[in-house]
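Results of the structural survey
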Amino acid sequence: MYTEEIEMYLDEFKSDLNKAVEHHSNELLQIRAGRANPKIIERIMVDYYGTMTPISQMATISVPEARMILVSLWDISMLKTVAKAIEAANLGLNPSDDGKVIRLVFPQLTEERRKELVKDINKYTESAKVTCRNARRDVLDVFKKMKKDSTVTEDEMASLEKDVQKYLDDAVASIDKITSTKEKEIMEV
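In what follows, the accompanying structure is described. Each chain carries its own residue numbering, running from 1 in the direction its sequence is written. Reporting in this predicted model follows two pLDDT cut-offs: at least 70 for local features of residues, and 80 or more for side-chain atom pairs to be given and counted; totals over whole chains, interfaces and linings ignore these cut-offs and use all residues. Hydrogens and water are ignored here; the side-chain numbers use all heavy atoms of the structure.

**Examining the overall build of the chain**
Stated precisely, the cut-off is as follows: In this text, helices come from DSSP runs of H or I with a minimum length of four residues, and strands from runs of E with a minimum of two, each type numbered from the N-terminal end. This radius of gyration counts C-alpha atoms alone. The globule rule is 2.2 Å times how many residues there are, raised to the power 0.38. Whether a residue is buried, partly exposed or exposed follows from its accessible area with a 1.4 Å probe, protein chains only, as a fraction of its type maximum: under 20%, in between, or over 50%, in that order. We call two residues in contact whenever any of their non-hydrogen atoms come within 4.5 Å of each other. Residue exposure ignores everything except the shown protein chains as possible cover, and the areas themselves are Shrake-Rupley values with a 1.4 Å probe. For the purpose of counting charges, residues Lys and Arg are taken to be positive, whereas Asp and Glu are taken to be negative. His and the chain ends are not included. The atom standing in for a charge is NZ when the residue is Lys, CZ when it is Arg, CG when it is Asp and CD when it is Glu.
A count of helical and extended segments in the chain gives five helices and six strands. Helices and strands appear in the chain in the N-to-C order α-α-β-β-β-β-α-β-β-α-α. Here the C-alpha atoms of the chain give a radius of gyration of 23 Å, more than 25% beyond the 16 Å that 2.2 N^0.38 yields for 189 residues. Overall, the C-alpha framework of the chain stretches about 70 × 40 × 25 Å when taken along its three principal axes. Within the chain, buried positions represent 37% of all 189 residues. Once local pairs closer than 6 in sequence are excluded, the contacts in the chain between residues at least 24 apart make up 65%. In the form shown here, the chain has an accessible surface area of approximately 11,200 Å², with 50% of it arising from carbon and sulfur atoms. Taking the average location of the 29 positive side-chain charges in the chain and that of its 34 negative ones, the two points are 6 Å from each other.

Here it is, written out as structure tokens:
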């Protein structure tokens, strides 16, 4: 229906939307919901013999029960350093070690903390939607320039605008679905 060039721009736009939705989903995985999720600590960086290394590359991270994460380091001599790095990350967790592993117990969330988390989630959601709207603006600017250069007709432009809006609406619906799922997870006691 469209030229190869237009299809390329549309594919790029869809890819940008998918990346925004994926990024939003990953951001929400970082938010703690009273349940243990290894993603929360995977990105914490530790000084490992002079090199900043994520915990996930120097330990096995497991969830033995719903509200506990177990960090089994491959190099036991780094136990204290990793425990300090987890404390410094300010996640509201107190690491305890028995000389072999680090245990992170997640306390029950208070109602106030749950509401704060929902506010944070809504900020991430709005940011993701803004990213999607900016991608729409950029692709429509390209198409308007093509119309000005007479590469695209009026009818094609109208059709393109509808298609771009449909892709945007689908991405926003995905973002909203991810957000509502996370909100329910956080608000359930």
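**Looking at the sheet that holds strand S4 (residues 68-73)**
Cut-off, in case you're wondering: Strands qualify as paired when DSSP identifies two bridges or more between them. Angles run from 0 to 180 degrees between N-to-C directions of axes, and those axes are lines fitted to C-alpha atoms, restricted for helices to the stretch in contact.
Read across the open sheet, the four strands follow the order S3-S4-S6-S5; overall the sheet is antiparallel. Among the strands making up the open sheet, the edge pair consists of strand S3 (59-65) and strand S5 (96-97). With two bridges connecting them, S5 and strand S6 (residues 101-105) associate as antiparallel partners. Each residue of the ladder has a partner; that of Asp97, found in S6, is Ile102. Contacting S4, S5 and S6, helix H3 (residues 79-88) crosses the sheet at an angle of about 20 degrees to S6.

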